[in-house]
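Single-letter residue listing:
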Amino acid sequence: MRKSLTFWFIYSVTWIVLAASHFSFFLTHLGRSFLESIKGALFNTAPAALFGVVVVMVCKRLTWSENRHFVFLSVHLLLLFAYLALWFVASPFLNAIDQMIQTGQWNLSLAGVQGGMFSGVMLYLSTTGIVYAVQANERLRMEEARANRAESLRARAELEALRAQLNPHFLFNTLHSLMALLRHDPQAAEDALEKLATLLRHTLITKGDAEDVSFAEELDFIQNYLALEQIRLGKRLRFEEIIEPNVLACRLPPFTLQPLVENAVKHAIATRPEGGLLRVKAERRDGLLILEVLDDGPGAEISELDRSAGSGLKIARQRLATRFGERASFKVTTQPQKGFKVRMEIPAD
């Protein structure tokens, strides 16, 4: 019950933020009156927000099954078409009714369909992705309760990794940034949308440690993630790669670097007005794949890390310990005002 209320609270706040963005656009950029700006914001967001409730309820009832994948995909395809149709028609229709009430004239305009399609697809994917991520978390919790101690550690690590992969705040922030970018640079917004789709596809088809990925795939995922974060953070986010060519074919558990990179962006860069530098290094030596993630942020006392319940550092350490045992090493170097450095060594396959 409490988790359900938290979800709906985040859902409501997100739509309020989007409505406020529309209100600001109508008021400042289009020069409309205060009342007209409020109506414009409501007409552009309220129908999709209300229909989004229907989407959430369908997702809760329609779970993925290998035996029913055709039904799953068909229902979501039809629901997406219905969502886009509502997105295209609702706002112009409400504006036309409002105009008829005021002037007695009916004028239904469907301009801006392309922009509406981008926004509608992003909203639908974000909503369904978050609902299924929450369901996956709940399933993992149930499995964790039935497992032995070693399996519990594995399930908990995968659960935390899944939370990092489908962080609702990241999706909502990215969505909001893309909608703002769409008004000023549609081509850049389309490129960013492709990166978001790649991230979602990679996240949803990759299941924990079931199958390793190449370092090249892991690096591509990180690059797309940082490109989307850079839309929001701009020049405050600086990224540097030092990658030896012979590591690109090495295999490693999926999302080995993602929680560390997200942790650095969240704590070392996004919180500072001047931003910061994130550096990723990779080399192969003596049969080991050596990975380093560094930032020039505020750092911390080592003792503080043990008290950080949701740290991406714990996620990465647990997953490597579960997978490789003593064959892997994980070392953190940090001091106040000296940034973070995480060094991992795993067998190079």
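Small disclaimer: the values here were computed from a predicted structure and weren't measured.

A. The overall build of the protein chain, seen in detail. Along the backbone of the protein chain there are 11 helices and seven strands. In the protein chain, which comprises 349 residues, the proportion classed as buried is 44%. Long-range contacts, defined as pairs at least 24 residues apart, comprise 73% of the intrachain contacts of the protein chain with a sequence gap of at least 6. Of the roughly 18500 Å² that the protein chain leaves accessible, carbon and sulfur atoms contribute 59%.

B. Fine view of the packing of aromatic side chains. Scanning all chains against the criterion turns up seven aromatic pairs. Consider the rings of F51 and Y83, whose centres lie 5.9 Å apart with planes at 40°: the pair is tilted. One end of the pair, F51, is in helix α2 (residues 34-61); the other, Y83, is in helix α3 (residues 69-103), with 32 residues separating them in the sequence. Residue classification places Y83 among the buried positions, given a relative accessible area of 2%.

C. Structural detail: the sheet that holds strand β2 (residues 237-243). With respect to topology, five strands assemble into an open sheet ordered β2-β4-β5-β7-β6, the strand pairing being mixed. With partners counted over all chains shown, the strands left at the sheet margins are β2 and β6 (329-334), one partner each. Mean inter-strand twist for the sheet, computed between neighbouring axes without regard to direction, equals 10°. In terms of strand pairing, β6 meets strand β7 (residues 340-347) through six bridges, oriented antiparallel. Paired with T333 across the strands is K341, a residue of β7. Running at roughly 165° to β2, helix α8 (residues 215-233) makes contact with β2, β4 (276-285) and β5 (288-295) of the sheet.

D. How the structure looks around the environment of H267. As for its position among the elements, H267 is in helix α9 (residues 258-269). When its relative accessible area of 44% is taken as the criterion, H267 is described as partly exposed. In the structure, H267 is positioned 31 residues away from P298 in sequence and 8.3 Å away in space, judged by C-alpha atoms.

E. Seen up close, the pattern of salt bridges. A full pass over the atoms with the stated rule returns 10 salt bridges. Between R343 and E345 there is a salt bridge, with the nearest N and O atoms lying 3.1 Å from each other. A single network of salt bridges, built from pairs that share partners, joins E292, K341, R343 and E345.

Procedures and definitions
Note on numbering: residues in each chain are counted from 1, in written sequence order. pLDDT decides what is reported in this predicted model: residues at 70 or higher carry local features, side-chain atom pairs at 80 or more are listed and counted, and totals for whole chains, interfaces and linings draw on all residues regardless. Derived side-chain values reflect all non-hydrogen atoms in the structure, with water molecules and hydrogen atoms excluded from consideration. Comment: elements are numbered from the N terminus, with helices defined as DSSP H or I runs of at least four residues and strands as E runs of at least two. For every residue, the accessible area (1.4 Å probe, protein chains only) is compared with the maximum for its type, and the residue is labelled buried under 20%, exposed over 50%, or partly exposed between those bounds. We call two residues in contact whenever any of their non-hydrogen atoms come within 4.5 Å of each other. In short, Shrake-Rupley with a 1.4 Å probe defines the accessible areas, and a residue's cover is counted only from the protein chains shown. The aromatic pairing rule takes the rings of Phe, Tyr and Trp, using the six-membered ring of Trp, and pairs them if the centres are within 6.5 Å, calling planes under 30 degrees apart stacked, those over 60 edge-to-face and the rest tilted. For two strands to count as paired, DSSP must find a minimum of two bridges between them. Geometry is summarised by axes, namely lines fitted to C-alpha atoms with helices restricted to the contacting stretch, and by angles between N-to-C directions that run from 0 to 180 degrees. Salt bridges are identified by distance alone: a Lys or Arg side-chain nitrogen within 4 Å of an Asp or Glu carboxyl oxygen.

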